[in-house]
Amino acid sequence: MFAAERRQLILEMVRANGAVSLRELARVVQTSEVTVRRDVRALEAEGLLDRRHGGAVLPGGFTRESGFPQKSHLSTAEKTAIADLAASLVGEGEAIVVGAGTTTQELARRLARVPGLTVVTNSLLVAQALAHANRVEVVMTGGTLRGSNYALVGSGAEQSLQGLRVSRAFLSGSGLTAERGLSTSNMLSASVDRALVQAAAEVVVLADHTKLGADTMFQTVPTELITRLVTDEPPLHDERAAAELQALADQGVEVTVAGPDAETGEAPPGDRRPRRDMPLPGQRRTTAGRAGGLGPQLRSASSLSDQASSSGERARVADLRRR
């Protein structure tokens, strides 16, 4: 493929999806990431796109939201690794909320094996993934269906979350920065995500490395309210993504990175695990009091507290690439 053909295809992918990783671009145009990076740099010089951490976005600073069909084919391996790790944080008998998104859909598929679990969600895709799990109770919010991501939004969704109290919220988004936290491109989705956060004692953000450093229009979770970030291993050349992870850790976010095995340096077949366990910079915040006094609970307060504590100990892993 000639350079002009490659760059035209790259430009079409960015226009169709809003944001695309260098890894994905290299796969589609069947060349190396070094070549793609050179193409992206040339297109940026022409003002046709902007470079971001490990990828390219539409020009103008704020990425627009892709539709579900486009997002479901992006960073699939990374989303699988993130979902595997996030599922390990959930213990038997917990009550949690899970927001909309392709990464949270992957998480839901793994939660089907957790007995006694109660999942509150505004996502039809999350509910569908759990529909046949006979040991999991699914509670749907009300609201108006937003077809682009199969999520229920609006005042009906927000009102149905009032008075709810759960141990954790698992959320995804369009961008994540240490300065603003998690953000999304849609105002209605952002409002529902904020309601989900208010119902939870802890907030776990699921975001692959292409989201790091991306900033979109509507803030959903400020950095100080994010308890943990579960992400994938950034490419070796992506120093800016590593710097963003360090900045998040410095602000007290626990960072768990899916990567190869610490001793062998290779991921075991069918298994993605943290490279190593290590304490992160910054003091971990206590968030249990933030959602207190919200009224009726899905389960007793003592039960949720005990379950959150025991499962938290089992899954207390924190891993951060230092560069």
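Scroll up a little and you will see the structure.
Attention here is on the structure that accompanies the text.

**Some words on the overall build of the chain**
And step 1. Within the chain one finds 11 helices and 16 strands.
And step 2. Looking at the chain as a whole, 55% of its 323 residues qualify as buried.
And step 3. Across the chain, the fraction of contacts at a sequence separation of at least 24, relative to all contacts at a separation of at least 6, is 71%.
And step 4. Here the chain displays about 13,700 Å² of accessible surface, and carbon together with sulfur accounts for 51% of that area.

**Some details on the pairing of strand 4 (residues 95-98)**
And step 1. The alternating pattern of strand 4 places Ala95 and Val97 on one face and Ile96 and Val98 on the opposite face, and all of these are buried.
And step 2. Since strand 4 and strand 5 (residues 117-121) lie parallel, the crossover through helix 6 (residues 102-111) that links them has a hand, and here it is right-handed.
And step 3. In this structure, strand 4 lies alongside strand 9 (residues 166-171), joined through 3 bridges in parallel fashion. Counted as the bridge partner of Val97 is Ala169 from strand 9.

**What about the environment of Val197?**
And step 1. With respect to the helices and strands, the residue Val197 is situated in helix 9 (residues 187-198).
And step 2. Look at Val197 and you get buried, because its relative accessible area is 2%.
And step 3. Put simply, Val197 and Val98 are 99 residues apart on the chain and 10.0 Å apart in space, counted from C-alpha to C-alpha.

**Structural notes on the nonpolar core**
A general feature of soluble globular proteins is that nonpolar side chains tend to end up buried together.
And step 1. Counting residues in each nonpolar core, the largest one holds 34 residues, and the members touching the most others are Leu176, Val205, Val221 and Leu229.
And step 2. Put simply, the parts of the chain that give this core at least two residues each are strand 4, strand 9, helix 9, strand 12 (200-206), helix 10 (239-250) and strand 15 (254-259).
And step 3. Sequence-distant contacts of Val205, that is, excluding residues within four places in its chain, are made with Leu171, Leu176, Leu182, Ile226, Arg228, Leu229 and Val230.
And step 4. In this structure, Ala86, Ala87, Leu89 and Leu206 belong to the second largest nonpolar core, which totals 25 residues.

**Here we look at the environment of Ala241**
And step 1. Tracing the sequence through the fold places Ala241 in helix 10.
And step 2. On the accessibility criterion, Ala241 (0% relative accessible area) is buried.

**Overview of the sheet that holds strand 3 (residues 55-57)**
And step 1. Taking strand neighbours across the sheet as the criterion, the 3 strands line up as 1-3-2 in an open arrangement whose pairing is antiparallel. The sheet is open, and its two edges are formed by strand 1 (19-21) and strand 2 (50-52), each paired on a single side. Strand-to-strand twist in this sheet, taken as the mean axis angle between neighbours without regard to direction, amounts to 25°.
And step 2. Where strand 2 and strand 3 come together, 3 bridges link them in antiparallel fashion. For Arg52, the partnering residue across the bridge sits in strand 3 and is Gly55.

**Some points on the side chain of Glu94**
And step 1. Mapped onto the secondary structure, Glu94 falls in the loop between helix 5 (76-87) and strand 4.
And step 2. In this structure the side chain of Glu94 is engaged in a polar contact, spanning 2.7 Å, whose partner is the backbone nitrogen of Gly91.

**Re the packing of helix 5 against helix 6**
And step 1. The geometry of helix 5 relative to helix 6 is characterised by a closest axis approach of 8 Å and an angle of 50° between their N-to-C directions. By the angle between their directions, the pair helix 5 and helix 6 is classed as oblique. Like other packed secondary-structure pairs, helix 5 and helix 6 cross with a definite hand, here right-handed. In this structure, helix 5 uses Lys79, Thr80, Ile82, Ala83, Asp84, Ala86 and Ala87 to contact helix 6, whose residues at the interface are Thr102, Thr103, Glu106, Leu107, Arg110 and Leu111.

About the cut-offs
Residues numbered from 1 in each chain as written. Predicted model: local features only at pLDDT ≥ 70, side-chain atom pairs only at ≥ 80, totals over all residues. Heavy atoms only, no water. Helix = DSSP H or I, 4+ residues; strand = E, 2+ residues; numbered from the N terminus. Buried < 20%, exposed > 50% of the residue type's maximum accessible area, 1.4 Å probe, protein only. Contact = heavy atoms within 4.5 Å. Areas by Shrake-Rupley, 256 points an atom, 1.4 Å probe, with all protein chains shown as cover. Right-handed = clockwise from strand over helix to strand, strands pointing away. Pairing = 2+ DSSP bridges. Core = buried A, V, L, I, M, F, W, Y, C linked by side-chain atoms within 4.5 Å. Axes fitted to C-alpha atoms, helices over the stretch in contact; angles between N-to-C directions. Polar contact = N/O pair within 3.5 Å; in protein donor to acceptor, adjacent residues only side chain to side chain. Parallel < 35°, antiparallel > 145°, perpendicular 65-115°, else oblique. Left-handed = near helix turned anticlockwise from the far one by under 90°.

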